[in-house]
Amino acid sequence: MSQEPMTKRPYPFTTPVYIGIDPQQKFFSINIATHDGQTIAWFNHILKRKQSSQFATAQAWQEYICRECILVLEKTVHEKARLGGFQHITITKVGIEQQKGRVNTILEQALLDVCIFLKLPVQILHPTTWKNKTKIPCMGSNEKNKEVCVQLTRKYMVDFFGEKKVAEMEADAKKDKDKRIHDYCDCYRIREATQIMHNSKAQGKETKWEKTFQPLNTQEKKLATSTPTQQSTETAMHVHQPSPGLQMPTHSPKD
C-alpha cells in the first residue's frame, strides 16, 4: 500500500521587519527592527578591503562585494533574526544610506542591485533625509554630526546591548578608529527613517481613498442591502410611483 508523500507544513507566522544599512568600505552596519520599532538584530558585517594583495583586479573586488550583499540579504539577516528569537521574517523595506566617493558608491549600488534582484522593496536615503525624519540635527561638520547622532541614539544601544557592552564598544573605538560606534547609530536611524517614510506613504494612500469615497444616499444604501427581488420591486416603485406633488387627472361629471 503506497503512502502519500509527506508535505512540510508552512510556518504559521512570519514577522515583517525593516532593515537599515550604512555601507562602509570595511563593513556594513545593519539594524533590523519589527513594525513597532523593536530592534531584533544589530551588527556589523565585515568586508575585505579593496587591496591589490587580496584582489587581483577592481572587478574581482566588485564581484566579491556583490556576493557579500547577496549573502547578507538572503541569509545573514535571517540568521541574526533567529538568534534574536524571530524564526521567520519578511523584509518590508530596506533603507540604504546614499554614499559619497567612488568606492562607497559601488557598495551602495551593489546593495541596491541585489535588493532589486531579490525583489526586496528598497529605498536610498540621503544623510540629510534620514536625519530630518528622525529629528537628528545637522551640526555643520561631519564630526559633530556623528557625535550628536551617537548622543541621541546611545540609549537605544544600551537597551539592546546593555550598558557594559556599549561602554566596552566606546572604549575600543577610542583605541582603534576602525571600531567606530557611530555607524551603529547611523544604521539605526536609517532604518527608523525608512520605516517612518514607508508608513507615512501607506497612510497617505488610505487618506486619498477616503477622500474619493462617497457615501451612499438613503435610497442607494437601501438598494445595496436588499435582495435581488427586493431591489427589482423597490427600483420599480421608485421609478414609477408618482410624486406627491402631482395629481392624476379626474373625469368631470359633465364628461
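Here, residues in each chain are numbered from 1, in the same order as that chain's written sequence. Reporting in this predicted model follows two pLDDT cut-offs: at least 70 for local features of residues, and 80 or more for side-chain atom pairs to be given and counted; totals over whole chains, interfaces and linings ignore these cut-offs and use all residues. Side-chain descriptors were evaluated using all non-hydrogen atoms of the structure, hydrogens and water having been removed beforehand.

Draft legend 1. Quick look at helix H4 (residues 142-161). Along its length, H4 reaches its greatest deviation from straightness, about 45 degrees, at Thr-153. Think of it in three bands: residues with accessible area under 20% of the maximum for their type are buried, residues over 50% are exposed, and the middle band is partly exposed, with areas taken using a 1.4 Å probe on protein chains only. Strands here mean DSSP runs of E at least two residues long; helices mean DSSP runs of H or I at least four residues long; both are numbered from the N terminus. Where H4 is concerned, the buried positions are Asn-145, Lys-146, Val-148, Cys-149, Val-150, Thr-153 and Met-157. Downstream of H4 by a residue or two, Gly-162 has a phi angle that is positive, lying close to 95 degrees. At every residue, the bend is computed as the angle between two fitted axes, covering the seven residues ending there and the seven beginning there respectively.

Draft legend 2. Region of the structure containing the pairing of strand E1 (residues 15-23). Burial analysis of E1 places eight of its nine residues in the buried class, which makes it a mostly covered element. Strands were regarded as paired on the criterion that DSSP finds at least two bridges between them. Sheet topology note: the E1/strand E4 (residues 89-97) ladder contains seven bridges and is parallel. The partner of Thr-15 across the bridge, within E4, is Ile-89. Sheet analysis places E1 next to strand E2 (residues 27-34), joined by seven bridges and oriented antiparallel. Across the sheet, the residue bridging to Tyr-18 is Ala-33, located in E2. In textbook terms, the turn of a hairpin is the stretch between consecutive antiparallel strands, and for E1 and E2 this stretch comprises three residues.

Draft legend 3. Highlighting the environment of Asn-44. Relative to the elements of secondary structure, Asn-44 occurs in strand E3 (residues 39-46). Residues Asn-44 and Asp-22 lie 22 residues apart in sequence; the distance between their C-alpha atoms is 9.4 Å. Separated by 2.6 Å, the side chains of Asn-44 and Ser-29 make a polar contact. For this analysis, a polar contact is any N or O atom pair within 3.5 Å, provided that within protein one partner can donate a hydrogen and the other can accept it, and provided that sequence-adjacent residues contribute only side-chain to side-chain pairs.

Draft legend 4. Highlighting the pattern of salt bridges. A pairing counts as a salt bridge when a side-chain nitrogen of Lys or Arg comes within 4 Å of a carboxyl oxygen of Asp or Glu. For the coordinates displayed, the defined rule picks out six salt bridges. The residue Glu-79 makes a salt bridge to Lys-75 at a minimum N-O spacing of 3.9 Å. Residue Glu-79 and its partner Lys-75 are located together in helix H1 (residues 58-83), separated by four residues, close to a single helical turn. Residue classification places Glu-79 among the partly exposed residues on the basis of a relative accessible area of 34%. With a shortest N-O distance of 2.9 Å, Arg-180 and Asp-183 are connected by a salt bridge. In this structure Arg-180 comes out as partly exposed when scored by relative accessible area, which is 28%. Counted as one network, the salt bridges with shared partners bring together Arg-154, Glu-163 and Glu-170.

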